[in-house]
Amino acid sequence: MLRQLLLTTVGRRMAVPLIARNRSVSNLDKTEFTTPGEIVDYEDPPHLPVPEYPVRPEEPLETRKQRLLYQSRKRGMLENDLLLSTFVAKHLKDFNADQTAEYDQLINGVSNDWDIFYWATETKPTPPQFDTEIMRLLKEHVKNHEKVQRIRQPDL
């Protein structure tokens, strides 16, 4: 009998407001899903030694650029994969040896990829040793004044 009532026009007119009212009621506190006002970032404990990245002074420039292209695409976190791979696709071919070395030090001298992300997005201040011409270029790239969609890595 209830099924027959719901199939009629009168039954649907009665049921729709009840269903809509129940859908709008939520037991969830909406503030649970807001972004926190500050970033919780802990200092690295001193008992976790970070290995030094090997300096490669004899590496040919083209080999270094190919290595950096690969390393920029495989960071381990999607945010940096997208930012750095698009940055490298746009700028790396024009870098001279000194700029390439600065970029190498930036992406391989930092032990935490979140630091690179926070510095590039200007969420945290960049330490002086990493505040270079390359970091300024990266910050401009992240601002995306051209409004380019960066939803996937560029083709090789």
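Quick look at the structure, then. (Residues numbered from 1 in each chain as written. Predicted model: local features only at pLDDT ≥ 70, side-chain atom pairs only at ≥ 80, totals over all residues. Heavy atoms only, no water.)

1. Remarks on the overall build of the protein chain
- Counting its secondary structure elements, the protein chain contains seven helices and zero strands.
- A buried classification covers 33% of the 156 residues belonging to the protein chain.
- Sequence-distant contacts, at least 24 apart, represent 60% of the contacts inside the protein chain between residues at least 6 apart.
- Carbon together with sulfur atoms contributes 57% to the accessible area of the protein chain, which is approximately 11,700 Å² in total. (Helix = DSSP H or I, 4+ residues; strand = E, 2+ residues; numbered from the N terminus. Buried < 20%, exposed > 50% of the residue type's maximum accessible area, 1.4 Å probe, protein only. Contact = heavy atoms within 4.5 Å. Areas by Shrake-Rupley, 256 points an atom, 1.4 Å probe, with all protein chains shown as cover.)

2. Here we look at unusual backbone geometry
- At Glu122, a position not held by glycine, the phi torsion is positive, near 60°.
- Relative to the assigned elements, Glu122 resides in the loop between α6 (113–120) and α7 (133–143).

3. A look at the side chain of Arg75
- Within the secondary structure layout, Arg75 lies in the loop between α3 (61–73) and α4 (78–91).
- Reaching out from Arg75, the side chain makes a polar contact with the backbone oxygen of Gln71 at a distance of 3.4 Å.
- Polar contacts involving the side chain of Arg75 include one to the main-chain carbonyl oxygen of Ile107, which spans 2.8 Å.
- Sequence-distant contacts of Arg75, that is, excluding residues within four places in its chain, are made with Asn80, Asp81, Leu84, Ile107, Asn108, Asp113 and Ile116. (Polar contact = N/O pair within 3.5 Å; in protein donor to acceptor, adjacent residues only side chain to side chain.)

4. With respect to the environment of Pro154
- Note on placement: Pro154 falls in the segment after α7.
- If near-sequence neighbours (up to four positions away) are discounted, Pro154 is found in contact with Arg73, Ser85, Thr86 and Ala89.

5. Things to note about the packing of aromatic side chains
- Per the counting criterion, the structure on display carries seven aromatic pairs.
- Ring centres 5.7 Å apart and planes at 40° place the aromatic pair Phe87 and Tyr103 in the tilted group. Pair noted here: Phe87 is in helix α4 and Tyr103 is in helix α5 (residues 97–109), with a separation of 16 residues, a long-range link. Per residue, the accessibility class of Phe87 equals that of Tyr103, and both read buried. (Phe/Tyr/Trp six-rings, centres within 6.5 Å; stacked < 30°, edge-to-face > 60°.)

6. Comments concerning the nonpolar core
- Among the nonpolar cores identified, the biggest contains 22 residues, and Phe87, Phe95, Tyr103, Leu106, Ile107, Ile134 and Leu138 are the most heavily contacted of them.
- Secondary structure elements with two or more residues in this core: α4, α5, α6 and α7.
- The dominant element in this core, judged by the number of residues it contributes, is α6, at five residues. (Core = buried A, V, L, I, M, F, W, Y, C linked by side-chain atoms within 4.5 Å.)

7. Describing α3
- Taking 1.5 Å per residue, 13 residues should reach 18 Å; α3 reaches 19 Å between its end C-alpha atoms and fits that length.
- Those residues of α3 not exposed but buried are Arg64, Lys65, Arg67, Leu68, Gln71, Ser72 and Arg73.
- Buried residues belonging to α3 abut α4 and α5. (Expected span 1.5 Å × (residues − 1).)

8. Brief notes about the environment of Pro57
- Within the fold, Pro57 resides in the loop between α2 (9–24) and α3.
- Of the residues examined, Pro57 reaches a relative accessible area of 65% and is grouped as exposed.
- On a C-alpha basis, the gap between Pro57 and Ala101 in space is 9.2 Å, while along the polypeptide they are 44 residues apart.

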